[in-house]
Amino acid sequence: MDLFSSTDETTNLLPQDGIVHYYGVVFPKTEADRFLQYLLEHIEWKNDEAVIFGKLIVTKRKVAWYGDRAFEYTYSNTTKRALPWTKELLELKKVVETKTGETYNSCLLNLYHDGSEGMAWHSDAERDLKKNGAIGSLSFGSERKFAFKHKKSSETVSLLLEHGSLLVMKGETQKHWLHRLPPTKLSNKPRVNLTFRTIVE
Ligand SMILES: O=C(O)CCC(=O)C(=O)O
Ligand SMILES: [Fe+2]
């Protein structure tokens, strides 16, 4: 047995101040291909908007938000309302809940059309999110690098998020670490990411 395999769910990728587990590929290729196609075609993709220094910024990356109820969720100074789950999203949620041993009541989806689109350093610790709640992240499509940076020491940890893979961030990860999806010249294909979260009211 490979003792330090990154797909071993007991291996914490962070050296301290948080917990990140990479489960590797959790869907067979044909199933992952089918989910990618479904997500590209049937999710209600919208341009992501942010208000930065009072200016409205519209990103190329597209987003969608689904949940148990029509939750309102605020980030980057804009408010979004969750859509009701689809059958397929509930199927994916079930897989993430079973594998991670956690429950979730909402999901933020991101569509990166190609490697020119990414997401800048941030942490997911908005007011609406459960404090230290687990975030389960599924990736479909183009394989992309994902990186963590410690807020104080600037230490970084990075990994590749494969087609059909699962990652979980939990404990104090959001409090102490930033994460990002760097843009890359290595990809000209789309990627869809789903982050399952817990919203508190
Ligand atoms: O695309 C990813 O893998 C990460 C997305 C992310 O960090 C987020 O939605 O907050
Ligand atoms: Fe994030």
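Residues numbered from 1 in each chain as written. Chains lettered and ligands numbered in written order. Predicted model: local features only at pLDDT ≥ 70, side-chain atom pairs only at ≥ 80, totals over all residues. Heavy atoms only, no water.

## Some remarks on the sheet that holds strand β10 (residues 144–150)
Part 1 of the argument: With antiparallel pairing, four strands are arranged side by side in an open sheet as β8-β13-β10-β11. In the strand order of this sheet, the two ends are held by β8 (119–122) and β11 (156–161), each with one partner. Averaged over all adjacent pairs, the angle separating strand axes in this sheet is 15°, with direction ignored.
Part 2 of the argument: Bridging between β10 and β11 involves six bridges; their strand directions are antiparallel. Bridge pairing links Lys149 to Thr156 in β11. (Pairing = 2+ DSSP bridges. Helix = DSSP H or I, 4+ residues; strand = E, 2+ residues; numbered from the N terminus. Axes fitted to C-alpha atoms, helices over the stretch in contact; angles between N-to-C directions.)

## Some thoughts on the coordination of the iron ion (ligand 2)
Part 1 of the argument: Ligation of the iron ion (ligand 2) by protein atoms is provided by His122 (NE2), Asp124 (OD) and His179 (NE2), these donors lying 2.1 Å from the ion.
Part 2 of the argument: The sequence pattern formed by the donor residues of the iron ion (ligand 2) is H-x1-D-x54-H. Like Asp124, His122 is buried. (Donors = N, O, S within 2.8 Å, 3.2 Å for Na, K, Ca; no water. Buried < 20%, exposed > 50% of the residue type's maximum accessible area, 1.4 Å probe, protein only.)

## Here we look at the site of ligand 1
Part 1 of the argument: Around ligand 1 there are 13 residues in total, and Asn110, Tyr112, Asp124, Arg191 and Arg197 lie nearest to it.
Part 2 of the argument: A distance of 3.1 Å separates an oxygen atom of ligand 1 from a polar atom in the side chain of Asp124.
Part 3 of the argument: Separating an oxygen atom of ligand 1 from a side-chain N or O atom of Arg191 is a distance of 2.8 Å.
Part 4 of the argument: Elements with a minimum of two residues in the shell around ligand 1: β7 (106–112), β8 and β14 (191–197). (Near = heavy atom within 4 Å. Polar contact = N/O pair within 3.5 Å; in protein donor to acceptor, adjacent residues only side chain to side chain.)

## Things to note about a nonpolar patch on the surface
Part 1 of the argument: Among the surface-exposed residues, Ile52, Phe53 and Ile57 lie close enough to one another that they form a single nonpolar patch of about 360 Å² accessible area.
Part 2 of the argument: In this fold, Ile57 is placed in strand β3 (residues 55–67).
Part 3 of the argument: A relative accessible area of 31% places Ile57 in the partly exposed class. (Patch = residues over 30% accessible without salt bridge, like charges linked within 9 Å, V, L, I, M, F, W, Y side chains within 5 Å. Areas by Shrake-Rupley, 256 points an atom, 1.4 Å probe, with all protein chains shown as cover. Salt bridge = Lys/Arg side-chain N within 4 Å of Asp/Glu carboxyl O.)

## A short note on the pattern of salt bridges
Part 1 of the argument: The final tally for this structure, using the stated rule, is eight salt bridges.
Part 2 of the argument: For Asp48, the salt bridge identified is with Lys80, shortest N-O distance 3.6 Å. Of this pair, Asp48 sits in strand β2 (residues 46–52) while Lys80 sits in strand β5 (residues 78–81); the two residues are 32 residues apart in sequence, bridging distant segments of the chain.
Part 3 of the argument: Note that Lys175 is salt-bridged to Glu172, the shortest N-O span being 3.6 Å.
Part 4 of the argument: Linked by salt bridges that have partners in common, Asp48, Arg61 and Lys80 make up one network.

## Some thoughts on the confidence of the model for the protein chain
Part 1 of the argument: Taken as a whole, the protein chain shows an average pLDDT of 92; of its residues, 95% reach a score of 70 or greater.
Part 2 of the argument: Segment residues 1–6: pLDDT under 50, and three contacts once partners within four positions in sequence are set aside and those in other chains are kept. (pLDDT = per-residue confidence, 0-100. Contact = heavy atoms within 4.5 Å.)

## Digging into helix α1 (residues 29–42)
Part 1 of the argument: When the terminal C-alpha atoms of α1 are compared, their 20 Å separation across 14 residues agrees well with the 20 Å that a helix rising 1.5 Å per residue should span.
Part 2 of the argument: Packing partners of the buried residues in α1 comprise α2 (87–100), β7, β9 (135–141) and β14. (Expected span 1.5 Å × (residues − 1).)

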